Amino acid sequence: MSATPHIALTIAGSDPSGGAGIQADLKTFTALGVYGASVITALTAQNTIGVTGVMKVPVDFIAAQFQAVTSDLAVNAIKTGMLPDVETVERVSDLLAHAEIGHVVVDPVMVATSGDRLIDEDAVSAVRHRLVPIASLITPNLPEAAALVGGDVAATEDQMLRQARELLQLGCRAVLMKGGHGAGAAAVDILVTSSGAVVRLSEPRIETRNTHGTGCTLAAAIAAELAKGRSLQDAVRRSKHFVWSAIQSAASHHIGSGQGPVDHLFSVKNSSLKD
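Residues numbered from 1 in each chain as written. Predicted model: local features only at pLDDT ≥ 70, side-chain atom pairs only at ≥ 80, totals over all residues. Heavy atoms only, no water.

Looking only at helices and strands, the protein chain has 9 helices and 9 strands in total. Over its C-alpha atoms the protein chain spans a radius of gyration of 17 Å, differing by no more than 12% from the 19 Å that the globule rule assigns to 275 residues. Projected onto its principal axes, the C-alpha coordinates of the protein chain cover approximately 50 × 45 × 40 Å. Carbon and sulfur atoms make up 52% of the accessible area of the protein chain, which amounts to about 12100 Å² in all. Side chains of the protein chain carry 21 positive and 26 negative charges; the gap between the two charge centres is 6 Å. (Helix = DSSP H or I, 4+ residues; strand = E, 2+ residues; numbered from the N terminus. Rg over C-alpha atoms; globule rule 2.2 N^0.38 Å. Areas by Shrake-Rupley, 256 points an atom, 1.4 Å probe, with all protein chains shown as cover. Lys, Arg positive; Asp, Glu negative; His and termini not counted. Charge placed at Lys NZ, Arg CZ, Asp CG, Glu CD.)

Encoded structure:
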């Protein structure tokens, strides 16, 4: 008798160039051996250079997608990404609050790697007060964390830790402060949980412009590992190394003329299935 696969659901925007958003999430789920489902919140016109257009999906249709998936599939973990406006944040928050899914990983996407804004200014408050409190884990980068706490961008690990603790006070169970926007020879992330645990995670910084979709990929990887039943700390450790390996594998790639994507399928290409 075949085993039932673990299932992860991503609620996010679409990236037609394939490096971020829904496309990156589904590639990550697949690479990590998890069945992936999706709810699309917005269509974007973007590539490795930038974002030229955003078409928001009506919230009733977002809800219809969500109900179709969760009424039929036994979802083990959910990851949220681009939620473009207040109405979308509020509807998705309501859906998640009533879904009784054990793991909800919130990637508070605000700005694309290219620097283009992906969320309305007034939606930040809705993320802070409606979405963050129901999250198992939030995964802000340094600018996103600063926006959520209403402060300056953290420049030191002590400042990262202080902002993580401020974010915990909003009601989430754990915060992963991502240090990719920082400086130094190492890319340091800090995981802080409501139980008081503090975990420092470090990987050598890779000098490359191919970092499109790293935030989406990390949050999706954590959701996939949680769906498989791993502990939060183990899921975060494995996922950080997964993203680091994906960046390393893509460092010399030439996909597009801007900030290229990471190599989500590096492990598949290095397996025995390789031709």
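Following the structure, the description resumes.
Here we take up unusual backbone geometry. With a phi angle near 55°, Glu100 is a residue other than glycine that sits in the positive phi range. Tracing the backbone shows Glu100 in the loop between helix H3 (86-99) and strand E5 (103-106).

This paragraph deals with helix H1 (residues 21-31). Buried within H1 are the following residues: Gly21, Ile22, Ala24, Asp25, Thr28, Phe29 and Ala31. Contact partners of the buried residues in H1: strand E1 (7-14), strand E2 (35-46), strand E4 (77-80), helix H7 (214-227), helix H8 (232-250) and helix H9 (266-269). Backbone geometry just downstream of H1 places Gly33 in the positive-phi region, at approximately 80°. (Buried < 20%, exposed > 50% of the residue type's maximum accessible area, 1.4 Å probe, protein only. Contact = heavy atoms within 4.5 Å.)

With 44 residues, the main nonpolar core has Leu9 and Ile11 as its most contacted residues. In contact with Ile11, other than residues within four places in its own chain, are Val39, Thr41, Phe66, Ile78, Lys79, Thr80, Gly81, Leu83, Val92 and Leu96. Core analysis: the next-biggest nonpolar cluster, separate from the first, contains 30 residues, Ala221, Ala235, Val236 and Ala246 among them. (Core = buried A, V, L, I, M, F, W, Y, C linked by side-chain atoms within 4.5 Å.)

With the rule as written, the count across this model stands at 1 aromatic pair. Relative to Phe266, the ring of Phe242 has its centre 5.3 Å away and its plane inclined at 45°; by these criteria the two rings are tilted. Residue Phe242 is found in helix H8, and its partner Phe266 is found in helix H9; the two are separated by 24 residues along the sequence. (Phe/Tyr/Trp six-rings, centres within 6.5 Å; stacked < 30°, edge-to-face > 60°.)

A few words now on the side chain of Ser136. Within the element layout of this structure, Ser136 appears in the loop between helix H4 (123-131) and strand E6 (137-138). When sequence neighbours within four positions are dropped, the list of residues in contact with Ser136 reads Gly102, His103, Val104, Arg173 and Ala174.

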